[in-house]
Amino acid sequence: MNVDVTHYLVLGAVLFVIGGYGVIARKNIIIVLLSLELMLNAVNLTFVTFSRMHGDMIGHVFMIMALTVAAAEVAVGLALIVAIYAHRETVDIDVLKMLKG
Amino acid sequence: MLLWIVLAPLVGAVVNGLVFATGFWRRSVGGSENVERKIVSALGPGVILVSAVLSSILFFRLLGLEGDNRRFIEEMFVWIPSGSFTASFELLLDPISAVMVLVVTWVSFLIHVYSIGYMHADRSYSRYFTYLNIFVFFMLILVLANNFVLMFVGWEGVGLASYLLIGFWYEDSTKAYAGRKAFIVNRIGDFGFILGILLIFFVFSSVNYQEVFAKASAPGFVAAAPDGIITIIALLLFIGAVGKSAQFPLFVWLPDAMAGPTPVSALIHAATMVTAGVYMLARCNVFYSASPEAQLIVVSVAAFTAFMAATIALTQNDIKKILAYSTVSQLGYMFMGVGSGAYAAGMFHLLTHAFFKALLFLGAGSVIHALAQEQDIRKMGGIRKDLPITALTFLVGTLAISGFPFLSGFFSKDEILSNLYLRGYTVHWIIGIVTAVLTAFYMLRLYLLTFEGRSRVPGELRLKVHESPRSMWLPLVILAFFSLIGGIFGIPEFMGKSLGLEHSNLFEGFISSALHSYPSSHITGQMFGHWTLLMFSVIAGFVGLLLAYNLYFKKTSIPDEIVKSILLKPLYKFSLGRWFVDEIYDFLILRPYRELSKLSAYFDNFVIDGLVGGVGYVVRESSYVLRAAQSGILRLYVGVMAMGVVAIIVYMLFRAL
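Everything in this summary refers to the structure shown in the same document. (Residues numbered from 1 in each chain as written. Chains lettered and ligands numbered in written order. Predicted model: local features only at pLDDT ≥ 70, side-chain atom pairs only at ≥ 80, totals over all residues. Heavy atoms only, no water.)

**Thoughts on the environment of L371 of chain B**
Residue and element names in this part refer to chain B.
Right, so step 1: Considering the arrangement of structural elements, one finds L371 in the loop between α17 (343-370) and α18 (388-401).
Right, so step 2: L371 sits 95 residues away from H466 along the chain, and the two C-alpha atoms are 8.4 Å apart.
Right, so step 3: Setting aside residues up to four positions removed in sequence, L371 forms contacts with M380, I383, V457, L461 and V465. (Helix = DSSP H or I, 4+ residues; strand = E, 2+ residues; numbered from the N terminus. Contact = heavy atoms within 4.5 Å.)

**Details of the interface of chain B and chain A**
Right, so step 1: Counting from both sides, the interface comprises 10 residues of chain B and, opposite them, 12 residues of chain A.
Right, so step 2: Taking both partners together, chain B and chain A bury about 910 Å²; carbon and sulfur atoms supply 61% of that area.
Right, so step 3: The interface formed by chain B and chain A includes 1 salt bridge.
Right, so step 4: In this structure, D94 of chain A and R635 of chain B form a salt bridge, with 2.5 Å as the shortest nitrogen-oxygen distance.
Right, so step 5: Residues of the side of chain B that touches chain A, tallied by class, amount to 4 nonpolar, 4 polar and 2 charged. (Buried area = accessible area lost by both parts, 1.4 Å probe. Salt bridge = Lys/Arg side-chain N within 4 Å of Asp/Glu carboxyl O. Nonpolar A, V, L, I, M, F, W, Y, C, P; charged D, E, K, R; others polar.)

**As for the side chain of S108 of chain B**
All names here are of chain B.
Right, so step 1: By secondary structure assignment, the location of S108 is in helix α4 (residues 95-118).
Right, so step 2: A polar contact of 2.5 Å, which involves the side chain of S108, links it to the backbone oxygen of V104.
Right, so step 3: Discounting chain neighbours no more than four positions away, the residues touching S108 are I48, V103, V136 and L267. (Polar contact = N/O pair within 3.5 Å; in protein donor to acceptor, adjacent residues only side chain to side chain.)

**Section: the packing of aromatic side chains**
All names here are of chain B.
Right, so step 1: Scanning all chains against the criterion turns up 44 aromatic pairs over all chains.
Right, so step 2: Aromatic side chains Y114 and Y118 sit 5.9 Å apart centroid to centroid with 20° between the ring planes, which places their arrangement in the stacked category. Of this pair, Y114 and Y118 both sit in helix α4, 4 residues apart, which is roughly one turn of the helix. Here Y114 and Y118 have matching classes, each one buried.
Right, so step 3: The rings of Y125, Y128, F129, Y131, F168 and W169 are connected pair by pair, giving a single aromatic cluster.
Right, so step 4: Above the face of the Y125 ring, R37 is positioned so that its terminal group lies 4.8 Å from the ring centre.
Right, so step 5: Over the face of the ring belonging to F183 we find R187, whose NZ or CZ atom lies 4.4 Å from the ring centre. (Phe/Tyr/Trp six-rings, centres within 6.5 Å; stacked < 30°, edge-to-face > 60°. Buried < 20%, exposed > 50% of the residue type's maximum accessible area, 1.4 Å probe, protein only. Lys NZ or Arg CZ within 6 Å of the ring centre and 35° of its normal.)

So this is what it looks like as structure tokens:
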């Protein structure tokens, strides 16, 4: 089977939708964060695909940037979750709605 | 040297104010109050003495100069350079300002000395001398300025000092109110004055005295100028003078200004500040001589003021109020002089009035001091034996102001009155003569009720009545001396000639070298000559004195009968009520103003506040609705966001098709 650009794009779209479903449907905040990572990497995959397609390295650069920021974001996000758990003893985002107006 | 005349009082004010009145000396240095009083008592009058000596030296140097050279000008710096408009900090000493400076500095010095005794028990002793020094500083700026803008600085400055000193005992709300009243009424006059200055600049493109007056007196200028512009300038300046010099209709602040300490009344509200308007008119003689219409208005207002204030003074019972109305009346005489073109005569009356009115006020202060702040002459009487020096000097002042022959007021008042007649102001002259009768009457009444007859002092106080300390009676004696002999500087020419003197009117000769020369406006072929006019003035004075002597010394029952008689009672009430001018102002101006304020307060509360409050109300109410969107449910936010993204994509797809 010949693997071309379309396959990569479809895989990226599928991963993005799975991640999006996870963010919306799951209650556990860790899973939500995980799904968010999935969406991010789906976009990264798309970036690299188009980069290859056009023979332009800017897409790669973007991907590396996004990966770095995502790593930092995960570190901060997990630390916040630990802190929230320490105070609230829960990671259920339906319970965590202190910002209600 | 001119600069130091002005700066010396400022130095006094700054040191007295910053070091002592602020409490810096007592709190931060830890000095004692006793030492503070000693330093202030030396410094306050001391700096004025410096000014007085310097101005005397310059005055004698001025005498040595002739004609147009008879002046000193010192330019310090250009104060406002602004395109074609420049105003310099420039001082001018010419005969007119020299007379003013001598009066201001020497009378101020005597009153400063007097204040040491009068104010010795006051706890705001340093503050008092600070204000007094500030006053002298601004007064000297006013008279020494060489342009209208700098004169206005002094003009406003003395207004400030006057306000501060009237309300000196500000804990008493009526006194604070009197200070405010003086300040606000003066604003009306200042409004006219500042318009006059602007108009002068528009017409003459300068505010400098020499340039303006040279242009105005140049031949053909008045004829070439727009119609009536000189009259308008003259009248606007006169409005300023009406405010500051308490003429009708703006005189109402001066009687109330008596709320201040008595030396202040003597200095500011009798001898110096209130005469600033007379000085200004004499300074601007070019405008007035060029405008007979303005002259007629000035003389008419002045004559009416003089008469009105004299009638009010007849029935008042407060010793200082009588003197205040007397001041208003005498200022009317001065304006009759300068307004009719007899500038030297008006200035001469200013000089003699400064002596005898300061004397009378300080004498009144001495009485008030002796009687524990009592000012009502119905509770005085028979205190001549206890206050011999005060009584004698007060009598000298009374006779001087009444025009008793050969005292200072005799020469100056007669000079004005005969000038009025000889220049054709016959009606005004008659009013002046009648006012002279009234003046002599109310002044002798004041003297007799205060010092002579049966004592009406309450019993426990009667034993404590005492003559004032030396620092108070010495100025009285000096001023009495000048009230006695002050006239010799201005013996009229016709009288001098018959005495074999040449140039007997030294004062007029001195002053007129600074006045622009005009052809004599004396009308020839009048019915009366100089000597006859003199007789009228003398008779007027004696009639008033004799009437008062009979009514208040010999047959003291008559005044009570007059008050009770049906015919004269309304007149008495009218005079006692001070022509109800204050009430008329209250009805015509203050009450409508208050109603307008209420209306605008209503508008503010309901319309303006309604608009502002309404905006806030709408925002608050709509926020209740929008708050529901902020649910705090994270998944809902994500869902909405996803739906939004989908919506945008769908929209873009359909648009692309």
